[in-house]
There are 2 protein chains.
Amino acid sequence: MTVPKPPMRDALVAAAFQLFLERGYEQTTVDDIVALAGVGRRSFFRYFPSKEDVVFPDHDRCLADMTEFLGRGDDEHDPVARVCDAARLVLRMYAENPTFSVQRYRLTKKVPGLRTYELSVVWRYERGLAEYLRRRFAGLPDGTLRADVIAAAVVAAHNNGLRSWLRSDGESDASAEVDHALAHVQRTFAPDGSDTPDTRGAGPGEAAAEDVVVLVSRRGAPMWRVVQEIEATLERRPD
Amino acid sequence: MTVPKPPMRDALVAAAFQLFLERGYEQTTVDDIVALAGVGRRSFFRYFPSKEDVVFPDHDRCLADMTEFLGRGDDEHDPVARVCDAARLVLRMYAENPTFSVQRYRLTKKVPGLRTYELSVVWRYERGLAEYLRRRFAGLPDGTLRADVIAAAVVAAHNNGLRSWLRSDGESDASAEVDHALAHVQRTFAPDGSDTPDTRGAGPGEAAAEDVVVLVSRRGAPMWRVVQEIEATLERRPD
């Protein structure tokens with residue numbers, strides 16, 4: 001699923017990385033990049049606000065894709081499974097282009113400014129996941145806290161798997177690395193503490209059968225009161 | 001436990017914040033700060049590499065304290081409890097000086113550069129916790145993954161509690177906020193996966209035994225949905 005991109009934008013990214021690898025990031029100027037790509041400075045800044053941005057050309061699109069993904073179909077999905085799938089979208093962006101991802105990984109490790117830039121990108125992903133979970137957990141005890149903790153855990157697991165793959169120079173199986181890490185998170189936050197992912201999350205066509213009503217009452221409550229509550233609860237449950 | 005600091009360093013921080021509040025961060029120069037503090041530019045840069053650093057004057061010390069804390073007495077402590085205690089050291093730095101912490105929180109929200117700076121500080125704490133846990137989990141299955149996930153969860157929980165306190169303008173109980181958040185993490189990562197009911201919904205020693213729970217659920221309902229409803233119901237039950 002490659003979204004078509006303007007060729008000039010690609011040419012600028014390619015020229016930039018060629019120079020970063022030959023001379024180093026700090027020693028490369030925007031003028032050098034546009035000269036090699038054969039375009040003017042204004043073209044560069046039309047696509048990239050700064051030299052740092054050309055190092056991470058796909059994150060804005062990926063963040064938008066993730067937000068769109070999380071915005072649809074809320075109630076059909078287990079919230080934790082859903083944010084894990086959202087993290088897999090991010091992985092796909094890296095895995096689509098292994099050579100580029102590995103080069104960037106090495107570059108980012110060497111240049112503190114890029115490391116800081118990357119932290120702010122990671123933060124945007126984490127906040128996107130947390131905002132989705134906060135919506136899903138709204139009204140639950142500690143909903144915000146749980147949302148923030150799970151979002152952080154998913155991002156940490158994703159990055160753990162991603163880094164394993166990047167350190168293998170893109171030789172290992174990126175999806176397997178990240179699936180393994182995310183499965184660990186899903187088990188940790190499984191509502192019933194169970195290890196079996198297939199008992200959780202509704203499959204296709206199950207959405208209508210999700211109604212759950214819970215009533216808690218003191219033992220001393222009269223039976224009519226219990227029945228009344230059951231009826232009232234069944235009455236107001238969503239269809 | 002306040003470590004004595006050179007008065008000139010304190011004077012520079014005080015002058016900087018006075019000007020940040022009066023004129024705004026961007027509109028204040030290092031020259032303005034040193035003029036108000038009555039010292040020379042070189043004195044400023046002896047303590048702070050840049051204007052950003054004066055906003056976060058205590059993190060280096062706090063990171064060093066945390067590293068030292070995690071460096072001693074490894075085998076006597078449960079690893080997860082230990083990193084939670086390390087996070088409490090960071091909280092203490094904030095809670096020791098509520099006015100300053102709240103001012104800085106407001107400033108950081110307004111200035112994107114400071115937000116990025118803060119993310120890199122948070123990352124250093126998270127990495128410190130993860131390195132400790134990686135040592136403790138060395139040789140265990142998925143030791144590195146578990147270390148990274150728990151460190152991220154602890155930092156997220158700490159920050160969730162800290163932000164609640166900061167948003168209350170320092171009026172709420174910082175320790176109580178963060179203890180509550182960290183207790184959630186400790187339960188989540190309890191070694192035996194136990195999640196005994198008395199540590200969750202019900203308060204100490206009461207009603208739990210007297211409650212009757214009625215659950216109505218379609219057969220196809222996913223387990224996460226059932227648990228979510230139970231939790232929501234327990235939260236809103238009358239006392």
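Residues numbered from 1 in each chain as written. Chains lettered and ligands numbered in written order. Predicted model: local features only at pLDDT ≥ 70, side-chain atom pairs only at ≥ 80, totals over all residues. Heavy atoms only, no water.

**Q** Could you give an account of the overall build of chain A, with specific residues and numbers?
**A** Across its full length, chain A holds 10 helices and 1 strand. Mapped in sequence order, the helices and strands of chain A form the string α-α-α-α-α-α-α-α-α-β-α. Taking all 239 residues of chain A together, the buried fraction comes to 46%. Counted over contacts in chain A with a minimum sequence separation of 6, partners at least 24 positions apart contribute 65%. On chain A, roughly 11,800 Å² of surface is accessible, and the fraction owed to carbon and sulfur atoms is 51%. (Helix = DSSP H or I, 4+ residues; strand = E, 2+ residues; numbered from the N terminus. Buried < 20%, exposed > 50% of the residue type's maximum accessible area, 1.4 Å probe, protein only. Contact = heavy atoms within 4.5 Å. Areas by Shrake-Rupley, 256 points an atom, 1.4 Å probe, with all protein chains shown as cover.)

**Q** I'd love a proper account of the UniProt feature "DNA-binding region" (unreviewed entry) in chain A, names of residues and values included.
**A** With numbering aligned to this structure, UniProt lists the feature "DNA-binding region" (unreviewed entry) at residues 29-48 of chain A. The span residues 29-48 of chain A is 75% helix and 0% strand, and its two end C-alpha atoms sit 13 Å from each other. (UniProt positions renumbered as here; feature names shortened; annotations may be inferred.)

**Q** Describe in detail the environment of A:A153, supporting the description with residues and values.
**A** Considering the arrangement of structural elements, one finds A:A153 in helix α8 (residues 143-167). Given the relative accessible area of 0%, A:A153 is considered buried.

**Q** How would you explain the packing of helix α7 (residues 112-136) of chain A against helix α8 (residues 112-136) of chain B if you had to name every residue and give the values?
**A** The geometry of α7(A) relative to α8(B) is characterised by a closest axis approach of 9 Å and an angle of 90° between their N-to-C directions. With respect to α8(B), the element α7(A) is oriented roughly perpendicular. When α7(A) is examined against α8(B), the residues A:R115, A:T116, A:L119, A:S120 and A:W123 are found in contact with a partner set consisting of B:R115, B:T116, B:L119, B:S120 and B:W123. Taken together, the residues that form the contact of α7(A) with α8(B) break down as 4 nonpolar, 4 polar and 2 charged. (Axes fitted to C-alpha atoms, helices over the stretch in contact; angles between N-to-C directions. Parallel < 35°, antiparallel > 145°, perpendicular 65-115°, else oblique. Nonpolar A, V, L, I, M, F, W, Y, C, P; charged D, E, K, R; others polar.)

**Q** Describe the pattern of salt bridges, naming the residues involved and giving the relevant values.
**A** Following the criterion strictly, the structure yields 22 salt bridges over all chains and no others. Put simply, B:D31 and B:R41 hold a salt bridge, and the shortest N to O gap is 2.8 Å. Here B:R41 lies in helix α3 (residues 41-47) and B:D31 lies in helix α2 (residues 30-37), a separation of 10 residues in the sequence. Assessed through its relative accessible area of 41%, B:D31 is described here as partly exposed. The shortest N-O distance in the salt bridge between B:R72 and B:E68 comes to 3.0 Å. One network of salt bridges, in which partners are shared, links A:D85, A:R88 and A:D179. (Salt bridge = Lys/Arg side-chain N within 4 Å of Asp/Glu carboxyl O.)

**Q** Residues and numbers for the side chain of B:N160, please.
**A** Along the chain, B:N160 turns up in helix α9 (residues 143-167). By relative accessible area, which is 11% here, B:N160 ends up buried. Those residues in contact with B:N160, other than ones at most four positions away along the chain, are A:T144, A:L145 and A:D148.

**Q** Describe α8(B), naming the residues involved and giving the relevant values.
**A** With 25 residues, α8(B) ought to run about 36 Å at 1.5 Å a step, and its terminal C-alpha atoms sit 36 Å apart, in line with that. Taken as a whole, α8(B) has its buried residues at B:L114, B:Y117, B:E118, B:L119, B:V121, B:Y125, B:E126, B:L129, B:A130, B:Y132, B:L133 and B:R136. Residues of α8(B) that are buried in the fold lie against α7 of chain A together with α4 (51-55), α5 (59-71), α6 (79-95), α7 (98-110) and α9 of chain B. (Expected span 1.5 Å × (residues − 1).)

**Q** Could you give me a rundown of the environment of B:E177, with the residues and numbers involved?
**A** Residue and element names in this part refer to chain B. Summarising the element assignment, E177 is placed in helix α10 (residues 174-188). The class of E177 is partly exposed, set by a relative accessible area of 24%. Taking the C-alpha atoms as reference points, E177 and W165, 12 residues apart in sequence, are found 6.9 Å from one another. What E177 contacts, discounting residues up to four positions off in sequence, is G161, S164, W165 and S172. Among the polar contacts made by the side chain of E177, one reaches the side chain of S172 at a distance of 2.9 Å. (Polar contact = N/O pair within 3.5 Å; in protein donor to acceptor, adjacent residues only side chain to side chain.)

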